[in-house]
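Summary of the model geometry
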Amino acid sequence: MIFQLSNDKFCKPFNRFSKPLSAFIFLISVVISPITYAEIEECYSTEFGLNYASDMSQYVNVSDITPNMNQVLQAIKLEQNNAYYRVLDNSNKVLFDKLYDILVYSDGYILAKRDGKLGLIDDNGRLVYDFEYDAIDRLNDGQALVSKYQKGQLTDVLMDGKGQSIYPKSEVFERNLRITALYYDVDTEKGYFQIDKDNKSGLIDDTGEIIIPIIYDEMNSMDHCTSGDFILKVQRDHQIGLIDHNNKFVVPLRAKQSISSFSTIGYEPFILSIERARQGIADALHWSPNKADVMSEQLINPKGDVLITSDTPIKSLGGNLYEFSNNGKVGVINDWAEIVLDTYYDDITFEYDSPLIAQRAGKFGILNTDQSGDTLKVRHYFDSLKRIEDQSVIEAAFATTYVTSIEAADSVVVEGEMNAEIDGYNYVLPDEVFETFDQNDIKYSVSSSLEHDYYANRSPQAYIASSNDKYGVIANSGLVIIPFEYDSIREVGEIFIVKQADKYGVLDFQGNIIQPIAFDNIQDSDNGFFILFKEDQQAIMNSAGDITFALSDTRLRVDMMEYPKALIPIEQDGLFGYLNKERTAVAIKPIYETVELIGDQDSFIGQKNGRKQLIDADNSVIKVNRSSDYHILDNIVVNGETALVVASV
């Protein structure tokens with residue numbers, strides 16, 4: 001047989017339907033019996049045992065925590081009897097027979113079935129609970145929830161370790177009575193249980209005393225397992241409130257009120273959200289109003305102290321940051337309900353994995369941490385900010401050897417890596433703080449710093465910004481990548497198209513000039529290339545900023561392109577031709593009166609001297625019926641294919 005020690009009174013999750021275990025010596029298989037049916041919440045631990053497998057001459061150790069049988073079953077022993085087991089005392093007197101589904105606990109108690117019903121035998125062979133129950137859950141304080149089916153419905157009784165009823169006192173299984181183990185207070189060593197009877201709920205302690213009257217339509221623990229924070233959400237007559245385990249209201253019952261957990265369950269501090277709405281009916285405990293109907297939201301601690309009040313619903317800004325508002329202005333709090341940015345701002349913009357943008361009096365600023373790492377601030381305001389989509393901009397900025405700060409006096413030299421600490425732009429997490437919550441020294445990592453986990457770890461970004469009608473490019477750290485000396489800047493693919501003194505040019509992501517600021521216009525083609533205009537000449541530039549077709553008097557007729565990747569028509573003196581596929585040179589000289597590509601082929605219909613003929617990419621006439629003496633009257637598309645109507649000349 002094997003069993004497992006379990007005397008854990010610290011609040012931690014317990015899976016009542018335990019997973020199968022596979023053991024360990026001699027390939028013996030051990031299966032935990034799923035025979036518990038009472039409700040056990042996360043803040044109440046249980047005793048649990050492992051199935052008796054066989055009469056083994058050696059004893060199985062589970063992860064070095066299971067003592068052998070002789071250390072537990074000293075006054076009694078188990079013996080296999082065909083398909084059943086029996087319990088004998090040390091004189092081999094049979095105490096119980098025809099048992100199966102055996103569970104042995106670390107204190108020597110035995111849970112078993114006989115004739116389809118469960119019973120419990122103590123370590124001396126005394127019958128604690130007779131074989132008459134459909135389920136037995138042993139709790140960590142020696143008590144147990146025992147269950148029976150009454151007219152097809154399960155009903156519960158709370159019993160002590162001697163088999164005496166705690167609730168109900170009558171020891172009678174009352175129909176429609178369910179008992180849920182909610183919470184065990186490790187400081188007072190006291191347990192609390194929810195009572196659900198005839199569609200009403202209340203609370204008792206482990207002596208059976210009614211603490212909260214059984215009058216509420218619904219009741220539910222807020223599931224926070226830290227001593228002193230045990231509170232319950234209750235609903236009665238479409239009103240929702242919070243009540244503690246001493247029957248004192250933390251938040252009074254109120255209509256159109258929603259209550260939920262704000263902070264992460266299991267971590268300190270435990271914070272709750274209270275939303276109050278203009279309209280709605282709280283017809284269930286987990287009712288929540290439409291956000292448009294929320295008049296205000298408060299964050300409170302378990303004692304009911306107000307930590308934050310917001311005029312609008314508190315909105316997530318990603319990670320551990322949230323937007324709140326007062327008097328029409330917005331600010332930022334962390335998940336500890338600490339203000340990290342006061343309510344001075346008209347709006348805060350959030351994009352996933354990016355720094356926050358604050359708007360104030362028509363200006364925009366990037367929110368960065370201050371030197372302490374605990375609050376946010378705007379270092380500089382701009383007339384506009386537009387995030388750059390291509391992240392290689394910021395990579396290029398940190399790869400360069402010189403970057404200018406916004407303030408000229410703060411110019412700095414930057415060398416090397418993305419994670420360098422520059423102007424408060426720090427990717428190194430601070431030392432974490434650890435707090436001990438229980439006698440087993442289980443530790444949770446906590447930190448109030450914005451540098452922890454979230455904000456400082458958001459991806460670095462770059463922005464096209466404007467100030468005093470001049471445009472530049474900045475990193476979210478405040479470093480200037482491209483100085484503020486341009487009339488406009490556009491991000492297009494892998495380049496910036498800039499305008500300065502009514503002329504256009506091209507920069508790379510480090511601010512280096514690729515094409516001089518000397519063009520009258522630079523036109524996007526939406527086809528992976530650009531048309532550059534200078535006086536009466538035109539050129540073609542690819543997406544990397546390289547000139548593929550030099551400035552020429554040839555007119556590029558992009559407007560005549562039949563589809564994006566088609567050959568580019570050219571025009572000169574009213575006649576037409578084509579560039580080559582690479583868009584680097586003239587392939588078909590402009591000698592035709594009209595041109596028209598055939599589908600996605602390189603051939604085209606060219607008209608010269610009033611005759612239309614089919615021309616290939618080498619500017620040769622394609623023969624029809626082995627003859628070049630023809631004229632195309634019309635071309636039509638049939639089933640996706642181009643058909644030509646021709647006449648001999």
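Above this text is the structure in question.
Source: prediction; values computed, not measured. (Residues numbered from 1 in each chain as written. Predicted model: local features only at pLDDT ≥ 70, side-chain atom pairs only at ≥ 80, totals over all residues. Heavy atoms only, no water.)

Counting residues in hydrophobic clusters, the biggest one holds 21 residues, and the most contacted among them are Phe529, Ile531, Ile540, Leu556, Tyr578, Leu579 and Phe604. Every element with two or more residues in this core is listed here: strand S47 (529-534), strand S52 (575-579), strand S53 (586-592) and strand S54 (594-597). Apart from the residues within four sequence positions on either side, isoleucine 531 is in contact with Asn521, Ile522, Gln523, Gln538, Ala539, Ile540, Leu556 and Val558. Within the second largest apolar cluster, 15 residues are counted, among which are Leu103, Tyr109, Leu120 and Tyr133. (Core = buried A, V, L, I, M, F, W, Y, C linked by side-chain atoms within 4.5 Å. Buried < 20%, exposed > 50% of the residue type's maximum accessible area, 1.4 Å probe, protein only. Helix = DSSP H or I, 4+ residues; strand = E, 2+ residues; numbered from the N terminus. Contact = heavy atoms within 4.5 Å.)

The subject of this paragraph is the pattern of salt bridges. According to the stated counting rule, one finds 25 salt bridges in the structure shown. A salt bridge links aspartate 156 to arginine 178; the shortest N-O distance between them is 2.7 Å. In this pair, aspartate 156 sits in strand S13 (residues 153-159) while arginine 178 sits in strand S15 (residues 177-185), placing the two residues 22 residues apart along the sequence. A residue is classified by how much of its surface remains accessible, and aspartate 156, at 0% relative accessible area, is buried. Its salt-bridge partner being aspartate 383, residue lysine 363 comes within 2.2 Å of it at the nearest N-O pair. One end of the pair, lysine 363, is in strand S33 (residues 363-369); the other, aspartate 383, is in the loop between strand S34 (376-382) and strand S35 (384-387), and 20 residues separate them in sequence. Accessibility expressed as a relative area gives 34% for lysine 363, which makes it partly exposed. Among the residues examined, aspartate 383 registers a relative accessible area of 27% and is labelled partly exposed. By sharing partners, the salt bridges in this structure join Arg555, Arg557, Asp559 and Glu571 into a single network. (Salt bridge = Lys/Arg side-chain N within 4 Å of Asp/Glu carboxyl O.)

Time to look at the sheet that holds strand S14 (residues 165-167). Across the sheet, which stays open at both edges, the four strands sit in the order S11-S12-S13-S14 with antiparallel pairing between neighbours. Where the open sheet ends on each side, the last strands, each with one partner, are strand S11 (135-138) and S14. Looking at each pair of strands side by side, their axes are set apart by 35° on average, direction ignored. Two elements, S13 and S14, share two bridges in a ladder whose sense is antiparallel. Note on S14: the bridge partner recorded for leucine 158 is tyrosine 167. (Pairing = 2+ DSSP bridges. Axes fitted to C-alpha atoms, helices over the stretch in contact; angles between N-to-C directions.)

The next point concerns the environment of serine 260. Topologically, serine 260 is positioned in strand S23 (residues 257-261). Placed 27 residues apart in sequence, serine 260 and tryptophan 287 show a C-alpha to C-alpha distance of 9.7 Å.

Now for the pairing of strand S29 (residues 329-334). Burial within S29 is extensive, with five of its six residues counted as buried. Across six bridges, strand S28 (residues 321-326) lies against S29 in antiparallel orientation. Across the sheet, residue leucine 321 finds its bridge partner in S29, namely asparagine 334. Connecting S28 to the next strand, S29, in antiparallel fashion are two residues, including asparagine 327 with a positive phi near 50°. Where S29 and strand S30 (residues 339-345) come together, three bridges link them in antiparallel fashion.

In space, the four strands of this open sheet follow the order S19-S20-S21-S22, with antiparallel pairing throughout. Where the open sheet ends on each side, the last strands, each with one partner, are strand S19 (218-221) and strand S22 (249-255). For this sheet, the mean inter-axis angle between neighbouring strands, taken without regard to orientation, is 20°. Summarising the sheet, S19 and strand S20 (residues 231-236) pair through four bridges and their orientation is antiparallel. Paired with glutamate 218 across the strands is glutamine 235, a residue of S20.

Another point: the pairing of S47. Taking burial as the measure, the six residues of S47 include five buried ones, the bulk of the element. As paired strands, strand S46 (residues 521-524) and S47 are joined by four bridges and run antiparallel to one another. Counted as the bridge partner of glutamine 523 is isoleucine 531 from S47. The pairing of S47 with strand S48 (residues 537-542) spans six bridges and is classified as antiparallel. Looking at the pairing, lysine 534 lines up with glutamine 537 of S48. In this antiparallel pair of consecutive strands, S47 and S48, the connection spans two residues, and glutamate 535 shows a positive phi of 55°.

Applying the stated criterion to the full structure yields 13 aromatic pairs. On the basis of an interplanar angle of 5° and a centroid distance of 4.4 Å, the ring pair of tyrosine 183 and phenylalanine 230 is categorised as stacked. Here tyrosine 183, found in strand S15, pairs with phenylalanine 230, found in the loop between S19 and S20; they are 47 residues apart in sequence, far enough to count as distant. Of the two residues, tyrosine 183 and phenylalanine 230, neither departs from the other in class, the shared state being buried. Over the face of the ring belonging to tyrosine 109 we find arginine 138, whose NZ or CZ atom lies 4.4 Å from the ring centre. When the ring centre of tyrosine 345 is taken as reference, the NZ or CZ atom of arginine 360 above it lies at 5.8 Å. (Phe/Tyr/Trp six-rings, centres within 6.5 Å; stacked < 30°, edge-to-face > 60°. Lys NZ or Arg CZ within 6 Å of the ring centre and 35° of its normal.)

The amide bond that connects tyrosine 167 to the next residue, proline 168, takes the cis arrangement and shows omega of -10°. Residue placement: proline 168 occurs in the loop between S14 and S15.

For the rest of this paragraph, the subject is the environment of serine 165. Tracing the backbone through its elements, the reader meets serine 165 in strand S14. Measuring from C-alpha to C-alpha, the distance between serine 165 and glycine 208 comes to 9.0 Å, with 43 residues separating the pair along the chain. Among residues more than four places away in sequence, those in contact with serine 165 are Val157, Leu158, Met159 and Glu171. In this structure the side chain of serine 165 is engaged in a polar contact, spanning 2.3 Å, whose partner is the backbone oxygen of proline 168. (Polar contact = N/O pair within 3.5 Å; in protein donor to acceptor, adjacent residues only side chain to side chain.)

Looking at where glutamate 395 falls in the secondary structure, it is placed in helix H1 (residues 392-399). You can call glutamate 395 partly exposed: its relative accessible area is 47%. In the structure, glutamate 395 is positioned 115 residues away from glutamine 510 in sequence and 9.1 Å away in space, judged by C-alpha atoms.

Attention now moves to the side chain of asparagine 476. Within the secondary structure layout, asparagine 476 lies in the loop between strand S40 (470-475) and strand S41 (479-486). We classify asparagine 476 as buried; its relative accessible area is 3%. A distance of 2.7 Å separates a polar atom in the side chain of asparagine 476 from the backbone nitrogen of glutamine 461.

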